[in-house]
There are 8 protein chains.
Amino acid sequence: MNQDNKDKPMPVDDLCLDLDRKNRCGFSEAIYAPGKPPEMILRAFSELHANGDHALATRVTPEQIEHVTSNLKEVIVNREAKTLRWMTDSSEEKTKVSQPLIITAGSTDRPVAEEAAETLRWMEYEPQLLFDLGVAGPQRLLKHVETLQQAKVIIVVAGMEGALPSVVGGWVSCPVIAVPTSIGYGTSFGGATALLGMLNSCAANVCAVNIDAGFKAGYLAGLMSK
Amino acid sequence: MNQDNKDKPMPVDDLCLDLDRKNRCGFSEAIYAPGKPPEMILRAFSELHANGDHALATRVTPEQIEHVTSNLKEVIVNREAKTLRWMTDSSEEKTKVSQPLIITAGSTDRPVAEEAAETLRWMEYEPQLLFDLGVAGPQRLLKHVETLQQAKVIIVVAGMEGALPSVVGGWVSCPVIAVPTSIGYGTSFGGATALLGMLNSCAANVCAVNIDAGFKAGYLAGLMSK
Amino acid sequence: MNQDNKDKPMPVDDLCLDLDRKNRCGFSEAIYAPGKPPEMILRAFSELHANGDHALATRVTPEQIEHVTSNLKEVIVNREAKTLRWMTDSSEEKTKVSQPLIITAGSTDRPVAEEAAETLRWMEYEPQLLFDLGVAGPQRLLKHVETLQQAKVIIVVAGMEGALPSVVGGWVSCPVIAVPTSIGYGTSFGGATALLGMLNSCAANVCAVNIDAGFKAGYLAGLMSK
Amino acid sequence: MNQDNKDKPMPVDDLCLDLDRKNRCGFSEAIYAPGKPPEMILRAFSELHANGDHALATRVTPEQIEHVTSNLKEVIVNREAKTLRWMTDSSEEKTKVSQPLIITAGSTDRPVAEEAAETLRWMEYEPQLLFDLGVAGPQRLLKHVETLQQAKVIIVVAGMEGALPSVVGGWVSCPVIAVPTSIGYGTSFGGATALLGMLNSCAANVCAVNIDAGFKAGYLAGLMSK
Amino acid sequence: MNQDNKDKPMPVDDLCLDLDRKNRCGFSEAIYAPGKPPEMILRAFSELHANGDHALATRVTPEQIEHVTSNLKEVIVNREAKTLRWMTDSSEEKTKVSQPLIITAGSTDRPVAEEAAETLRWMEYEPQLLFDLGVAGPQRLLKHVETLQQAKVIIVVAGMEGALPSVVGGWVSCPVIAVPTSIGYGTSFGGATALLGMLNSCAANVCAVNIDAGFKAGYLAGLMSK
Amino acid sequence: MNQDNKDKPMPVDDLCLDLDRKNRCGFSEAIYAPGKPPEMILRAFSELHANGDHALATRVTPEQIEHVTSNLKEVIVNREAKTLRWMTDSSEEKTKVSQPLIITAGSTDRPVAEEAAETLRWMEYEPQLLFDLGVAGPQRLLKHVETLQQAKVIIVVAGMEGALPSVVGGWVSCPVIAVPTSIGYGTSFGGATALLGMLNSCAANVCAVNIDAGFKAGYLAGLMSK
Amino acid sequence: MNQDNKDKPMPVDDLCLDLDRKNRCGFSEAIYAPGKPPEMILRAFSELHANGDHALATRVTPEQIEHVTSNLKEVIVNREAKTLRWMTDSSEEKTKVSQPLIITAGSTDRPVAEEAAETLRWMEYEPQLLFDLGVAGPQRLLKHVETLQQAKVIIVVAGMEGALPSVVGGWVSCPVIAVPTSIGYGTSFGGATALLGMLNSCAANVCAVNIDAGFKAGYLAGLMSK
Amino acid sequence: MNQDNKDKPMPVDDLCLDLDRKNRCGFSEAIYAPGKPPEMILRAFSELHANGDHALATRVTPEQIEHVTSNLKEVIVNREAKTLRWMTDSSEEKTKVSQPLIITAGSTDRPVAEEAAETLRWMEYEPQLLFDLGVAGPQRLLKHVETLQQAKVIIVVAGMEGALPSVVGGWVSCPVIAVPTSIGYGTSFGGATALLGMLNSCAANVCAVNIDAGFKAGYLAGLMSK
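A. Main features of the arrangement of the chains. There is a clear gap between chain B and chain F: no contact, and 15 Å between their nearest C-alpha atoms. Separated in space, chain D and chain F share no contact, their closest pair of C-alpha atoms being 13 Å apart.

B. Main features of the interface of chain A and chain C. Opposite the 31 residues of chain A that make contact, chain C presents 31 residues. Taken over both partners, the interface formed by chain A and chain C buries close to 2,400 Å², and the fraction arising from carbon and sulfur atoms is 59%. Taken together, the connections running from chain A to chain C amount to zero salt bridges. For the interface between chain A and chain C, the tally reads 11 residue pairs in polar contact (both at pLDDT 80 or more). When its residues are assigned to classes, the side of chain A that touches chain C shows 19 nonpolar, nine polar and three charged.

C. Quick look at the pairing of strand 2 (residues 55–58) of chain G. Residues and elements named next belong to chain G. Neither face of strand 2 is left uncovered, since the one carrying Ala55 and Ala57 and the one carrying Leu56 and Thr58 both have all their residues buried. The pairing of strand 1 (residues 31–32) with strand 2 spans two bridges and is classified as parallel. Of the residues in strand 2, the one forming a bridge with Ile31 is Ala57. Handedness of the strand 1-helix 2 (residues 38–50)-strand 2 crossover: right-handed.

D. Up close: the domain arrangement of chain A. Residue and element names in this part refer to chain A. You can read the domains of chain A as domain 1 (3–92) and domain 2 (101–224). On the domain 2 side, the residues contacting the 16 residues of domain 1 number 16 residues. Of the roughly 1,500 Å² buried where domain 1 meets domain 2, counting both sides, 57% is carbon and sulfur surface. When the buried surface of domain 1 facing domain 2 is broken down by residue, Phe27, Glu80 and Arg85 rank first, second and third, together holding 37% of it. Between domain 1 and domain 2 we count three salt bridges in total.

E. Region of interest: the relation of the copies chain A and chain C. The operation relating chain A to chain C is a screw motion whose rotation component is 180°, with 0.0 Å of axial translation and a residual RMSD of 0.0 Å. Viewed as a symmetry operation, the transformation between the two copies matches a two-fold axis. The position closest to the rotation axis in chain A is occupied by the C-alpha of Ala208 of chain A, lying 2.7 Å away. Take the interface residues of chain A: 100% of them recur as interface residues in chain C, which is what a same-surface contact looks like.

Quick notes on the rules
- For every chain, the first residue of the written sequence is number 1, and numbering continues from 1 onward in sequence order.
- Both sets of labels track the order of writing: A upward for chains, 1 upward for ligands.
- In keeping with the predicted nature of the model, local features appear solely for residues at pLDDT of at least 70, side-chain atom pairs appear and are counted solely at 80 or more, and the whole-chain, interface and lining totals rest on all residues.
- Hydrogens and waters are ignored; side-chain quantities use all the structure's heavy atoms.
- Contacts were defined at the residue level, with two residues in contact if any of their heavy atoms lie within 4.5 Å.
- Using a 1.4 Å probe, buried area is obtained as the accessible area two parts lose upon being combined, added over both of them.
- By definition, a salt bridge exists where a carboxyl oxygen of Asp or Glu is found within 4 Å of a side-chain nitrogen of Lys or Arg.
- Polar contacts here mean pairs of N or O atoms no more than 3.5 Å apart (in protein, one a potential hydrogen donor and the other a potential acceptor; neighbouring residues in sequence count only if both atoms are side-chain atoms).
- Here the term charged refers only to Asp, Glu, Lys and Arg, the term nonpolar to Ala, Val, Leu, Ile, Met, Phe, Trp, Tyr, Cys and Pro, and the term polar to all other amino acids, Gly among them.
- Burial classes follow relative accessibility: with a 1.4 Å probe on protein chains only, a residue under 20% of its type's maximum area counts as buried, one over 50% as exposed, and anything between as partly exposed.
- Strands are runs of DSSP state E lasting at least two residues, helices are runs of H or I lasting at least four, and both sets are numbered from the N terminus onward.
- The pairing criterion for strands is at least two bridges between them, as found by DSSP.
- Here, the term right-handed applies to a crossover whose path from the first strand over the helix to the second runs clockwise when the strands point away from the viewer.
- Boundaries of every domain are those given by an automatic assignment or by a domain database.
- The copies were overlaid by least squares, fitting only the C-alpha atoms of residues that reach a pLDDT of 70 or more in each copy.

Structure, rendered in structure tokens:
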């Protein structure tokens, strides 16, 4: 038996990027940062860039941000979204025309909306964001009905009872991607209540993703914007 | 040891009515019918009537209805609400002026709304009912905003995601009593999802009762209408 | 107090169709049949038809089927999907070219897939269906990878562990709508396990709807096929 | 694509106060503090004050307290309730006569009772508080039955098994607003057990709000005290 | 491989009575009837009787009752408790002096109380039963405080919010065995809410058994009455 | 649009047997009967037999049994296990020598044990079965310790608290496959409690399968007996 | 409105001891320490001592220990149990003869066993403790069967699958008080799994208390030892 | 009453090793480190070594590692697995030939895989590990099908939706031990979702262990490799 594994360090340079993903799925692999050493994220960004791909890392910590940005100056940080993004030079001019719409119920839902927005930017879409349209102030949404009805796809981000996607869904003819957030207390159960509300929406055009899953919502909205 | 309990029948004539309740709580005891023999309900109605009280039984079965109504001709049946109600003669003329408002999200929520309505009638209020104002057709509620804003108390009955109480709550300055119903499928979990949505309402004026608890909602609305 | 509500019948002819929905949402209201009297469904179909709309009823019982079809001869019954559908004459020739793809994991998932398919037909799409591609026989899906990769949207219907949407998601660049079914036993918890698996999919292009929600999946796929 | 969002700061001065709420709902928007930068709370207080409204912030942290009170000297701090409150000058003399009653089961339930009390004070009611009347010492509540029976509305705050609202409900003819607290351990499940007990109260006059929702209970009691 | 198991009948005469249990545990094995063929219960009663033991079967169906009583004339049936009991002749005169007390909250909790009572009779105790002392009518329990304080052990049977054991516990110096019942609706979750309330009782002298477990409560009370 | 799907029958003869499974997995596909028309099971048995495979159907209904056995005389019925099994002629003589051991806690756990046993017989093993060794009669298991310690793999079937696999695991050096059953009431939650107990076993050699999953336990035991 | 509540301190000297409890329940109130200021515990101890009562505080923090013991030299600290205990002088000689038995499954269950032991000592019983008799090493319990069978009451403390109370229950004729602990990981769900196992014990003489509720178990054992 | 327990220290040198376990179960007791003082682990290692046994401690903290390794130089540390392992000299040469296979879905599942690997090394097996074969990149697993099909037993470690064991199970004829990990967010519920997926696998050869239970999976794989 090998004694070499005595006091083995954490595997900071094991990296198994699925570089074929762009072929199969149209976009390269995004990096889910939790639990990954900063060096691993840096290396993944470098490999993706060398491969001609845009790079995205979600749920990054301040340490991960510091390590990556001190090495790669062009990387875009969004501290509210907790993302790092690195676009290849050529992308600047070709931003796509379709504008996915992102709506939040409350101000504390913004970081999840921003994660979705950064994901769309990585996919070369520039989303439109509308904040604080929650149902406790119903007159606020009514002002935007025309904007809603022109969208091709809408992401609705809401915590607590998660009622906003149903209300939006009732006004529009496009798919609504509902993102529950972990905002709330007591029986919000970390977002499970909002998610259940969204899954049981009486509006037929509402689908749901996992709690706080801004990345998935953005990714799906990008696919639906083609 | 006594052999008398050999093959003892079901205790059809044990009856422990809390006849003091009207003194303490303002209204006599209502009969929750499930599991009670029809004869027990008949006897309770007779005792309450003899005591000068209005009588109400909720969640009655067809057998219980048949047994009571074939013996007591003045009893009012509401098959949708599954209630029996017997008013003392004097109540006819003194119906109270306040009109609690009851709203439902969908047509299948009606039986619970009717249970609340019958409870209010037993308390000598005549509620106003508005049906099918669920959020999937948001233009429907908007037509009634003025009516909502004139109410002293509103009962909102909704299943599925239970979003309607939040939306109603955002328009009004009175208490909203939210009643989740067991309408839905899959992750509606028999009404638990609607209840959770109501408890987590972002509107501050929403309280909740148990699933399908039309009686409690009506009772509370009656107390708040004084 | 009015004695007219004495022994009031079930409200078979109350009908509150949201006839404005086609304007707001692009499609008319579909009828969710559970708990509705057969006459109410018949009347809704007639009203929708008079309005020039296609009609769809889901989760119909044999009694509801019998009542509607004995009155309306052109209505299409799908007993596996538990649907009734009535298309206006003009629709026959204009079926849309896009073919949404529907995949099932096991043979018992078929009724939910058929509900999705009937919904798409009501929206004037003709879906392509592939059955029994569950992960326990992984070679079966591999034969269809090319078909998967040509789809614009894919509905994946699966019970038990609900793993198929993740596997499909890994091969394609289009949105995957995952529909958990209540197929399974023990800790399948009536489909909740499959739903949880789908919400936690490691594939970024997977969104989910409620358990057994074939209608919602079909409706969303129709919106994404435009 | 715009590089301006590179290392974007947290949005400390985005503020979307629903200043119309007082018109619709009778009271201005209260500030739910968690996750909000101290400057945002300060600015909201200033805007509300400029609008002639009383201001209330709940669940404030020591940092938020420090920032607001060092800038606004008239703001009232309640460290037990974790609230900040700023009354317009004119309110001092017009405190309303009705005295909502607040009862706690145990001494650790006091912070939630205080949050309800502060909310009532912000609505210009001065509540009466009774502490430590939990059911393990049943003789304690009995001494206060007369006080209970004179109330127009009672808030009952309890953790653990949440039995006190039922017992109070059995003595009185007014609505009881039950507030579960997260006090307890093991199967108290952070207050869910207390909430379930309250929702299943055998007393008909008990409604419930979310766990630790002192603000909601106070707000509802204020509305019921008009 | 043996073909003898072709179309093998249900194993009606496999019987594995733990006849040693009386030595180890003081009482013979009681028969939990669900799923057992009537002949198996008859045979168990006969074996126990031959061994000189009292016999008890719980949760018996009408068919099981019919089969056993038509063969064994001395067996005592309690249809409310759903029990069969067969005492050896000698037990009649030696009934023990201690009288365990059994209390119910509501009338629908009686079958569980009767199962506990029958279990105590099988152990040669004659319990005292008090019905309908639920907390919604708090004055009822107060009349019995002296009786409560004289008991050596008290079984409290309650459904819904399960508050009665806490209230009883606060008045007495003996152990309280709390039995949750499946009485309730909605969020009573088949008795889980009552059980959780009992486990979280603020009274220190309350222990709990499984939902509807009248047998266990009776058995434990018997052991504590020695 | 095709009118051929008007009143389409249930798809009784769609059959997608994975006939390659024997190559990949060593055994042919077993038929999970729920929801399948009797004709489909009959046809699957015929196809498997024609392919030279043993056939097994689990969770069969009396109707399915009747249909299959009236057509195929050699099929072996086990009504307790709810299985149908058809062995090719050649299997009679080659039954494997290894004897997997199956133990049950209570007599109502037997059907699940029989399902496991039938699965092993289909795999050409003849299991040894020991019944009623539950922990409430601990002296019973002790008599069999030597038998336990000679086994190569043990299936332990238990409901209620599911404690038996831990106790067995503490005596032996082979893998223990724990099968929770849905036997119990109240907080047994249909077997979830037993499953949780088994997953948290303090014995290191215990793995678990789904509730009532006799087939899976038998299949795994067969694989471990090679 | 009173400005006196501006920046109100935490209520360190509010104290509502139920000094009547000893009359009603036989023992004085024990202090549940979490969330209480150290001064409040010190004052409660002083008041109880002045009243001639033994004092007990459970779940004390190091700060609470430090504050109380630096002021009251006779107070007994048990850091493993996290208790403080102050006995009146007279108790030393009158320790009761009955010896309740406390058993643990694993070494990490000891703090809960010690809390039970300290509670018994406060009630003037000296318990016997046996550690590490968990079912993974079944031969260990067998050595103590005789000791078990002589006990009048047994407390069994166990985490993980919580199987030990069932095994103990099967050997004895006295009540078994099962205490689940929060020891375990993953699906132990903080002790809920152990609790569920105990509630579903197939042994009839097992009752349960809340997770980690050593105090309640000790208190009940003391009451049963009289 | 003894004052010796005044301020009693934590029981650092109580040690109850089950040294008989190797006789009964084939392997000595492994040390589950959480909550144990470092000295206790050191002493256990010394006792096991003196007894001629290999020693293993799982879930060790840095403090425990530091204390043990500074005293025992031959102990092998695996910081990723959080294990300490001490092999007797003689084991070096006799490593067993069978090579259990361990597969992970994602890179963050590696620590659990390493715990399983260390457990196998302690049992004198040298496992083969394959990382990052999750279903989102389905082409990756396909490259290893031949390796899978040669294994005698496979451990599959996966978080999130836990789909990988089903896919692996569909390709092989050996038992698959599925280990859910707590990797994920939102509705991954700390690994419960992955576990549920594994328990409901449509592949018949999949059994499951507790969340993150690398030790159990390794132990079972070792037993199945004999």
